[in-house]
Each structure stands twice: as structure tokens, then as C-alpha cells.
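Below are the chains, spelled out letter by letter.
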Amino acid sequence: MDDRIVEILKGLIEKEGPQFINSHPYESYRTLVEYQDVDPKVAGGVLLCILNGVIPKVQSSPSEEDLSAIIAEQCALTEKMSSRLSSLLLSLYSTPNKAKWTKDRLKGLGKFLSKEMSSSWTGFATWDDRNVYVDCHYEASFELRPSSLVAQDKELRKMLDRNPFLTSEEIEKYFTESLREYLDDEFEDYCTSDEYYEPCVEDFGCEYYIEDWCKNHGFEMVSFEGGGYDDGYESFR
């Protein structure tokens, strides 16, 4: 049963980062007690260890007896429970596990940098002059190549500081959403900037804006295909 707790906590660390358990003690505890095969008393003991600052001492690899004594003193637990928690935590922070976590640091970033990113964007905005309106559309697909400068992106650096185990897919999702939000804003501004003249959607500089975004985020555009269209004048709703 304690092996199950080790397995769950190990999964949390590898998904959310090495500091997650310390920085999110109650969330870690709630995750444990969601499983029916977890002893709630042991899960509560783990929570007490986290809240009382035991985890940093576990990471220095003390003996099981020494750690048990620390837990008993700092968490006011019985000798039996302290010994059980000592064994559990030392198993979680074992040498093989710590070696794996060291190896996996920034692995997702390395994988992301090794391939090109294919993406697409669909833009929509409405221009109106209070009497008629025009629905504006833009469809684009493109391929981007990340460079080492990607790692200097401020938001990505914050994300990796919180969790150096971010996967390539999570990093790609962040950049994809960032670019789409940027294009959404530019397309909205382009289509609504002049309330008296209908925008020429075909002239929206999508390729230019993608290149501009790339410069600011460490990418190079490899290919681009896209075009805009509108639905024509319609009476105001």
C-alpha cells in the first residue's frame, strides 16, 4: 500500500516538477486520498511531513533511523508511523529516482528544439458601420523552426523554473496559443480600425505578423500559406 503512495507522488513530481509536493502540500494530499487503495492515515502523515519541513531533509539521504527520529520529533507521530513514513519517503527520493529526475530535466525542451512546429490559425472579426456589417475571415497554415533563442522566452523560462519536466507537447501548446492570440488581436485591430471603410481582408499581412512574432520568440518561419475573405455586406442585426 505504501508503494502505491510512492508511485502516486512520483507521478506528481514527474508531471508537475520536483518542487510541486513542497509548494502544493494540500493538493498533493488530496491527490493521494482520491485513491481507494491509499491509507488515509499514511496520506495524512505525508502531509504533516511536508508541512513540517521534512522533505528537504529526506533529499539529503539520511539513514532510515535518523529520518524516522526527525519525523517523530517534528511531526509528533508515533515511532511506528514515523518509521513507516521514513521508509516511504526514502523510497520516493531514492538514488535511482533522483538520477532519473536529473536526466529528465529540460528533456522536453530539447525534444521541442529538435523538430519543426506545424500549426494553423483561423481568424474571425466583424466590421460594422452601424448600418451594415461584414464578417471577416482568414485561414492560414505554416511551419516554424525553433532556435536555441526559444529558451530565452520569458514566459517559457518561468514555466521551466516551475517545472523543468515540461513535455515537448506542453511547450508546443504554449507557443501555439501565444501565436494564435497575437494573430487574433492583430486581425481584430486590422478589421475594425476604420469604421467608415470596409477592410480588404485579402490584404491582411498575416505572414508579416507571424514573422514579427517569430523574431520575438526565437523562431524562423519555414513555410506559409494563407488567405482572407469576407461574407460581403449584410444588414445590421
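(A) The arrangement of the pairing of strand S2 (residues 132–146) in detail. Bridge analysis of strand S1 (residues 117–128) against S2 gives 12 bridges, and the strand direction is antiparallel. Paired with Trp127 across the bridge in S2 is Val134. Counting the residues between successive antiparallel strands, the hairpin from S1 to S2 contains 3 residues, one of them, Arg130, with a positive phi of roughly 80°. Judged from the 11 bridges that link them, S2 and strand S3 (residues 219–230) form a sheet pairing that is antiparallel. Paired with Phe142 across the two strands is Phe224, which belongs to S3.

(B) Region of interest: the packing of helix H11 (residues 168–192) against helix H12 (residues 206–217). Contact geometry for H11 and H12: axes closest at 10 Å, N-to-C directions at 135°. Between H11 and H12, the angle is such that the two are oblique. Read as a crossing pair, H11 and H12 show a hand that is right-handed. Across the interface between the two elements, Phe175, Ser178, Leu179, Tyr182, Leu183 and Glu186 of H11 pack against Cys206, Tyr209, Ile210, Asp212, Trp213 and His217 of H12. Classifying every residue of the contact of H11 with H12 gives 8 nonpolar, 2 polar and 2 charged.

(C) Summary view of the pattern of salt bridges. Taken as a whole and assessed by the stated rule, the structure comprises 12 salt bridges. The partner of Asp2 in a salt bridge is Arg84, and the shortest N-O contact between them spans 2.8 Å. Of this pair, Asp2 sits in helix H1 (residues 2–16) while Arg84 is found in helix H7 (residues 79–92), placing the two residues 82 residues apart along the sequence. In this structure Asp2 comes out as buried when scored by relative accessible area, which is 18%. The exposure class assigned to Arg84 is partly exposed, which follows from its relative accessible area of 30%.

(D) Structural context of helix H4 (residues 40–51). Here H4 contains 12 residues, and its C-alpha end-to-end distance of 16 Å stays within 8% of the 16 Å for a straight helix at 1.5 Å per residue. The complete set of buried residues in H4 reads Val42, Ala43, Gly45, Val46, Leu47, Cys49 and Ile50. Residues of H4 that are buried in the fold lie against H1, helix H2 (20–23), helix H3 (25–33), helix H5 (55–58), helix H6 (64–75) and H7. Regarding H4, its N-cap is Asp39, as a side-chain oxygen of that residue lies 2.9 Å from the backbone nitrogen of Lys41 further along.

(E) Expanded view of the nonpolar core. With 34 residues, the main nonpolar core has Trp121, Leu144, Phe175, Phe187, Ile210 and Phe219 as its most contacted residues. Among the elements of the structure, helix H9 (107–113), S1, S2, helix H10 (154–162), H11, H12 and S3 are those that each provide at least two residues to this core. Broken down by element, this core gets its largest block of residues, 8 residues, from H11. For Phe175, the residues in contact, after removing those within four places along its chain, are Phe112, Met117, Val150, Asp153, Leu156, Trp213, His217 and Phe219. With 30 residues, the next largest nonpolar core counts Leu9, Phe20, Ile50 and Ile55 among its residues.

(F) A look at the state of the cysteines. Inspection of the entire model under this criterion finds 0 disulfides. No disulfide involves Cys49; its nearest neighbouring cysteine sulfur is the one of Cys75, lying 4.2 Å away. Between Cys200, a cysteine without a disulfide, and Cys136, which holds the nearest cysteine sulfur, the sulfur-to-sulfur distance is 10 Å.

Conventions adopted
Residues numbered from 1 in each chain as written. Predicted model: local features only at pLDDT ≥ 70, side-chain atom pairs only at ≥ 80, totals over all residues. Heavy atoms only, no water. Pairing = 2+ DSSP bridges. Helix = DSSP H or I, 4+ residues; strand = E, 2+ residues; numbered from the N terminus. Axes fitted to C-alpha atoms, helices over the stretch in contact; angles between N-to-C directions. Parallel < 35°, antiparallel > 145°, perpendicular 65-115°, else oblique. Left-handed = near helix turned anticlockwise from the far one by under 90°. Contact = heavy atoms within 4.5 Å. Nonpolar A, V, L, I, M, F, W, Y, C, P; charged D, E, K, R; others polar. Salt bridge = Lys/Arg side-chain N within 4 Å of Asp/Glu carboxyl O. Buried < 20%, exposed > 50% of the residue type's maximum accessible area, 1.4 Å probe, protein only. Expected span 1.5 Å × (residues − 1). Polar contact = N/O pair within 3.5 Å; in protein donor to acceptor, adjacent residues only side chain to side chain. Core = buried A, V, L, I, M, F, W, Y, C linked by side-chain atoms within 4.5 Å. Disulfide = S-S within 2.5 Å.

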